[in-house]
Amino acid sequence: MAKILCVLTGASYWTLKDGHRHPTGYWAEEFVAPYTVFTEAGHEVTVATPRGVVPVVDTMSLEPRMAGGEDNALRQEAVIESADELRHPISLKEVRLEDYDAVYYPGGHGPMEDLSVDPDSGALLRKALASGNPLGIVCHAPAALLATRDANGDTPFANYRVTGFCNEEEAGVGFADKAKWLLEDELKKLPTHYSRGPAWEPYTVVDRTLFTGQNPASSGPLAKELVEALS
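Being a predicted model, the structure only gives us computed values, none of them experimental. (Residues numbered from 1 in each chain as written. Predicted model: local features only at pLDDT ≥ 70, side-chain atom pairs only at ≥ 80, totals over all residues. Heavy atoms only, no water.)

A. Spatial organisation of the overall build of the protein. Across its full length, the protein carries 8 helices and 11 strands. Radius of gyration (C-alpha) of the protein: 16 Å, near the 17 Å computed for a compact globule of 231 residues. Each principal axis of the C-alpha atoms in the protein carries an extent, and together these give about 45 × 45 × 35 Å. Classification of the 231 residues of the protein by burial places 54% in the buried group. Contacts spanning at least 24 positions in sequence make up 75% of the contacts within the protein whose residues lie at least 6 apart. Summing over all exposed atoms, the protein offers an accessible surface of approximately 9,900 Å²; the carbon and sulfur share of this is 49%. In the protein, 20 side chains carry a positive charge and 34 a negative one; their mean positions are 6 Å apart. (Helix = DSSP H or I, 4+ residues; strand = E, 2+ residues; numbered from the N terminus. Rg over C-alpha atoms; globule rule 2.2 N^0.38 Å. Buried < 20%, exposed > 50% of the residue type's maximum accessible area, 1.4 Å probe, protein only. Contact = heavy atoms within 4.5 Å. Areas by Shrake-Rupley, 256 points an atom, 1.4 Å probe, with all protein chains shown as cover. Lys, Arg positive; Asp, Glu negative; His and termini not counted. Charge placed at Lys NZ, Arg CZ, Asp CG, Glu CD.)

B. Highlighting the state of the cysteines. In the structure shown here, the tally under the stated rule is 0 disulfides. Not engaged in a disulfide, the cysteine C6 finds its nearest cysteine sulfur in C139; these two sulfurs lie 14 Å apart. Given the relative accessible area of 3%, C6 is considered buried. C139 carries a free sulfur, and the closest cysteine sulfur to it, the one in C166, is 9.3 Å from it. (Disulfide = S-S within 2.5 Å.)

C. How the structure looks around helix α8 (residues 219-230). End to end, α8 covers 16 Å across 12 residues, agreeing with the expected 16 Å (1.5 Å per residue, within 8%). Inspection of α8 places S219, G220, L222, A223, L226 and V227 among the buried residues, and these make up the whole buried set. The buried residues of α8 occupy one face: seen down the axis, they fall within an arc of 160°. α8 presents K224 and E228 as exposed residues on the side facing more than 90 degrees away from its buried surface. At its buried positions, α8 is contacted by α1 (28-40), β6 (102-105), β7 (135-138), β10 (204-207) and β11 (210-213). (Expected span 1.5 Å × (residues − 1). Arc of directions from axis to C-beta.)

D. Examining the UniProt feature "domain: DJ-1/PfpI" (unreviewed entry) in the protein more closely. UniProt tags residues 29-228 as "domain: DJ-1/PfpI" (unreviewed entry). In residues 29-228, helix accounts for 34% and strand for 14%; the two terminal C-alpha atoms are 20 Å from one another. (UniProt positions renumbered as here; feature names shortened; annotations may be inferred.)

E. Inspection of the environment of I137 at higher detail. By secondary structure assignment, the location of I137 is in strand β7. Given the relative accessible area of 0%, I137 is considered buried. Note: C-alpha distance between I137 and E30 (107 residues apart in sequence) is 9.9 Å.

F. Structural view of the packing of α1 against α8. Between α1 and α8, the shortest axis-to-axis distance is 8 Å and the interhelical angle comes to 30°. On the basis of the axis angle, α1 is roughly parallel to α8. Every pair of crossing elements has a handedness; the one defined by α1 and α8 is right-handed. Taken together, the residues of α8 that come into contact with α1 (itself represented by E29, E30, A33, P34, V37 and F38) are S219, G220, A223, K224, L226 and V227. In the contact of α1 with α8, the residues fall into 7 nonpolar, 2 polar and 3 charged. (Axes fitted to C-alpha atoms, helices over the stretch in contact; angles between N-to-C directions. Parallel < 35°, antiparallel > 145°, perpendicular 65-115°, else oblique. Left-handed = near helix turned anticlockwise from the far one by under 90°. Nonpolar A, V, L, I, M, F, W, Y, C, P; charged D, E, K, R; others polar.)

G. The arrangement of the packing of α1 against helix α3 (residues 70-82) in detail. Where α1 meets α3, the closest approach of the two axes is 10 Å, and the angle between their N-to-C directions is 70°. When the axes of α1 and α3 are compared, the pair comes out roughly perpendicular. Taking contact as the criterion, the partners of A28, E29, V32, Y35 and T36 in α1 are, on α3, R75, Q76, V79 and I80. Taken together, the residues of the contact of α1 with α3 break down into 5 nonpolar, 2 polar and 2 charged.

H. Expanded view of the pattern of salt bridges. In the structure shown here, the tally under the stated rule is 9 salt bridges. With a closest N to O distance of 3.1 Å, R96 and D99 form a salt bridge. A network of salt bridges, in which partner residues are shared, links R96, E98 and D99. (Salt bridge = Lys/Arg side-chain N within 4 Å of Asp/Glu carboxyl O.)

Written out as structure tokens, the structure reads:
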């Protein structure tokens with residue numbers, strides 16, 4: 001049995017460039033699908049958030065049209081309700097990385113608000129990359145890589161091959177022209193070797209111990225790759 005640290009956003013809104021606070025949180029599928037893969041494989045999951053706040057799910061992600069139908073929405077909601085780990089997160093400041101065999105970051109727009117600038121998350125990601133253990137980051141969660149830059153703007157993730165929520169997908173959900181910045185653009189500036197697959201289809205990239213996924217549909221396949229790496 002491995003121990004997997006799941007780092008979730010603590011944000012309940014995303015500030016757009018006009019100052020509007022758009023309600024958000026973590027994306028249901030991106031927690032549920034990997035959590036299910038991890039626990040069914042016999043692994044233990046611990047949830048961590050900034051300051052140990054209880055994470056909130058983006059309610060849009062539980063709408064049938066976003067969840068792949070009413071049955072999927074109800075199933076995801078049931079998993080969220082039964083996952084005690086979500087109600088008892090630890091603070092990122094308290095994380096002892098040596099206690100875990102892998103780290104996983106789900107997305108949602110929340111990480112664009114908090115994890116992109118969170119120093120504790122940034123430090124954790126730098127240590128996780130250096131540890132040689134599997135590190136999985138999906139959809140909007142690669143925004144957290146922006147917080148790994150030092151005072152000179154350097155990051156250990158520079159020139160890694162990565163993916164993440166693309167500009168076309170952001171336009172598809174209606175936020176490309178409203179956001180302060182777009183994830184695809186910022187990952188390219190970091191710089192990383194960013195690539196993407198077709199919009200909304202599963203697409204993952206593995207570079208050494210770093211596993212990234214493009215969108216919600218990529219979270220389940222990414223989790224299976226992490227489990228395989230752990231075995």
